[in-house]
Amino acid sequence: MIEIWLNGELKQIESNSNLIDIAGLLGLNDGAYAVAVNEQFVPKSDYQTKPINKHDKIELLMPMQGG
Amino acid sequence: MSENDLLLAGKKIKSRLLIGSALYPSPKIMQQAISASESEIVTVSLRRQNPQAGGGNDFWELLKSLDLNILPNTAGCHSAKEAIVTAKMARELFNTNWIKLEVIGDEYNLQPDPFGLVEATKELISQGFEVFPYCTDDLVLAQKLVECGCKILMPWGAPIGTGKGLINPFALNTLRNRLPDITLIVDAGIGVPSHAAQALEMGFDAVLLNTAVAQATDPVAMAKAFKFACQAGRLAYQSGVIPERDIAKPSTPVVGQPFWHQDN
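Residues numbered from 1 in each chain as written. Chains lettered and ligands numbered in written order. Predicted model: local features only at pLDDT ≥ 70, side-chain atom pairs only at ≥ 80, totals over all residues. Heavy atoms only, no water.

1. Overview of the pattern of salt bridges
What counts, and what does not: Salt bridge, as used here: a side-chain nitrogen of Lys or Arg that lies within 4 Å of a carboxyl oxygen of Asp or Glu. Going along the chain from the N terminus, every DSSP run of H or I of four or more residues is numbered as a helix, and every run of E of two or more is numbered as a strand. For the exposure calls, accessible area comes from a 1.4 Å probe over protein chains only, and a residue counts as buried if that area is under 20% of its type's maximum, exposed if over 50%, partly exposed in between.
Tallied over the entire structure, the rule returns 10 salt bridges over all chains. We note a salt bridge from K11 of chain A to E9 of chain A, for which the minimum N-O separation is 3.6 Å. We note a salt bridge from R176 of chain B to D205 of chain B, for which the minimum N-O separation is 2.9 Å. Highlighted residues: R176 of chain B in helix α6 (residues 169-178) and D205 of chain B in the loop between α7 (193-201) and β10 (206-209), separated in sequence by 29 residues. Taking relative accessible area as the criterion, R176 of chain B reaches 9% and is therefore assigned buried. Salt bridges linked by common partners bring K100, E102 and D187 of chain B together as one network.

2. Here's the deal with the pairing of strand β3 (residues 34-37) of chain A
Residues and elements named next belong to chain A. As a reminder, the rule being used: Should DSSP find at least two bridges between two strands, the strands are taken to pair.
Neither face of β3 is open: one carries A34 and A36, the other V35 and V37, and all of them are buried. With four bridges connecting them, β3 and strand β5 (residues 57-65) associate as antiparallel partners. Each residue of the ladder has a partner; that of V35, found in β5, is L60. Across three bridges, the pairing between β3 and strand β4 (residues 40-42) is antiparallel. Looking at the pairing, A36 lines up with F41 of β4. What sits between the antiparallel neighbours β3 and β4 is a turn of two residues, in which N38 has the positive phi angle 50 degrees.

3. Focus on the interface of chain A and chain B
What counts is decided by this rule: Residue contacts are counted whenever heavy atoms from the two residues lie within 4.5 Å of one another. Here the quantity called buried area is the accessible surface, traced with a 1.4 Å probe, that two parts lose on coming together, added over both.
On the chain B side, the residues contacting the 27 residues of chain A number 29 residues. Across the chain A to chain B interface the summed buried area is about 2400 Å²; carbon plus sulfur atoms make up 59%. Contact with chain B buries area across many residues of chain A, yet M64, Q65 and G67 of chain A alone supply 29% of it, more than any other trio. If you look at where chain A meets chain B, you find two salt bridges. Among the salt bridges present, the one from R48 of chain B reaches E59 of chain A, with a minimum N-O distance of 2.6 Å.

4. Points about the nonpolar core
Which entries qualify depends on this criterion: The set of buried Ala, Val, Leu, Ile, Met, Phe, Trp, Tyr and Cys residues whose side-chain atoms join them within 4.5 Å is what this entry labels a nonpolar core.
The biggest cluster of nonpolar side chains holds 68 residues, and the ones touching the most others in it are L63, L153 and V207 of chain B. If you tally residues by element for this core, the top one is helix α3 (residues 80-94) of chain B, at nine residues. When residues no more than four places from it in sequence are discounted, the contact partners of L153 of chain B are P133, C135, A142, L145, V146, L179, I182, T183, L184 and I185 of chain B. Formed by 17 residues, the second largest nonpolar core is a distinct cluster that contains V37, V42, I52 and I58 of chain A.

5. Focus on helix α4 (residues 114-126) of chain B
All names here are of chain B. For the record, the criterion: By this rule the span expected of a helix is its residue count minus one, scaled by 1.5 Å. Identification of polar contacts relies on pairs of N or O atoms within 3.5 Å, with a donor-acceptor requirement for protein atoms, meaning one able to donate a hydrogen and the other able to accept it, and with residues adjacent in sequence counted only if both atoms are side-chain atoms.
Its 13 residues give α4 an end-to-end C-alpha distance of 18 Å, which sits within 8% of 18 Å, the value for a rise of 1.5 Å per residue. Those residues of α4 that are buried are in contact with α3, β6 (98-101), β7 (130-135) and α5 (139-148). Measuring from the backbone nitrogen of F115 back to the side-chain oxygen at the start of α4 gives 3.0 Å, which picks out D113 as the cap. Of the residues one or two after α4, G128 is the one with positive phi, at around 85 degrees.

6. A word on α6 of chain B
Residues and elements named next belong to chain B. Our working rule: Taking the helix axis as origin, the arc is that swept by the directions to the C-beta atoms.
Every buried residue of α6 is listed here: A171, L172, L175 and R176. Along the axis of α6, the buried residues cluster in a sector spanning 140 degrees; they form a single face. Counted as exposed and oriented over 90 degrees from the buried face of α6: F170, N177 and R178. Looking at the buried side of α6, the elements it contacts are α5, β8 (152-155) and β9 (183-187).

7. Description of the confidence of the model for chain A
We count it as follows: Scored from 0 to 100, pLDDT records how confident the predictor is in each individual residue.
When pLDDT is averaged along chain A, the result is 92; 100% of the residues meet or exceed 70. Across chain A, the element-wise mean pLDDT spans from 91 in helix α1 (residues 19-25) of chain A up to 97 in β4 of chain A.

8. Topic: the side chain of S21 of chain B
In this structure, S21 of chain B sits in the loop between β3 (17-20) and α1 (27-37). Here the side chain of S21 of chain B touches T43 of chain B through a polar contact of 2.7 Å, landing on its backbone oxygen. Discounting residues that sit within four places of it in the chain, S21 of chain B has contacts with M64, Q65 and G66 of chain A together with M30, I34, V42, T43, V44, F59 and N210 of chain B.

9. Quick word on the packing of α1 of chain B against helix α9 (residues 219-239) of chain B
Residues and elements named next belong to chain B. Condition: Note on geometry: axes are lines fitted to C-alpha atoms, helical ones only across the stretch in contact, with angles between N-to-C directions running from 0 to 180 degrees. Roughly parallel refers to an angle under 35 degrees, roughly antiparallel to one over 145, roughly perpendicular to one between 65 and 115, and oblique to any angle outside these ranges. Note on convention: near helix rotated counterclockwise from far helix by under a right angle means a left-handed crossing. Clockwise means right-handed. We call Asp, Glu, Lys and Arg charged. Ala, Val, Leu, Ile, Met, Phe, Trp, Tyr, Cys and Pro are nonpolar, and the rest, Gly among them, are polar.
Contact geometry for α1 and α9: axes closest at 7 Å, N-to-C directions at 20 degrees. Here α1 lies roughly parallel to α9, going by the angle between them. When you trace α1 past α9, the crossing you get is right-handed. Of α9, the residues touching α1 (which contributes I29, Q32, A33, A36 and S37) are P219, V220, A223, K224 and K227. By residue class, the composition of the contact of α1 with α9 is six nonpolar, two polar and two charged.

10. A few points about unusual backbone geometry
The phi dihedral of N38 of chain A is positive, around 50 degrees, even though this residue is not glycine. For L110 of chain B, which is not a glycine, the phi torsion comes out positive at approximately 50 degrees. Mapping L110 of chain B onto the fold places it in the loop between β6 and α4.

This is the structure in structure tokens:
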């Protein structure tokens, strides 16, 4: 298990998790979301292959109201 | 395309009212108000999942059902870097290269950080984004953004959500006169429909507002009021507004005026 930051909260995940697994932690198995890791945008095409390391900061954002 | 249409980032837009999707009392009222406004462009944001705040897939499905042009924003970004990353996420999520670029410099008045805004604009334009920068009414900042490649500018009327209207019409008028070929959209601070009409009467191409409709007592009716105000403002601009004068000029003919005698 490793620790990562997911949307500002510390989480424990399996060390071989990918971004799709991590989205599943938030209940986002199918759904519209976008990801940045360590303040870098990660395209959807890389969700399965992008390595996730200890203490990575992941932002997983969804559509929201806005002005 | 009629002369009333707005050509915005390659799209023909009939309505000169852009509208936000936030702060409505309910999703249903949001949907009804946006429909009543007849706006063709709606702003959205990206946020961490928060079931209490709404948003998420239900919101997204509802908004998609309106079949409007989506303009994602980078609200809450305080640096060019944050704004650039958010814009890239928005592009993928909403499948558009349009971005309302906000780089905030002050927590109280939420005014743009002009330096971060120019930095982010340069980078995003180089990456193929159509940038709609939320800026102040500063002419030099506007010119810098145009030099970066912006074809659209969105200067504030007043700080976001204040409802104060156009607090510096002189500066806005300057932008209009000095940047005749740039699409100018007054964004933020609009409170009542007459503010929107005023902007359009001045020759601004459109207005963008959210709080004034969403937080009105009757958002659906207010959305209609803004729709009419934008139509009135645009028609007035096209009709040729009379110049302002300091000295009165009678509208009733002077010749034939009764009870007048020439003094000998």
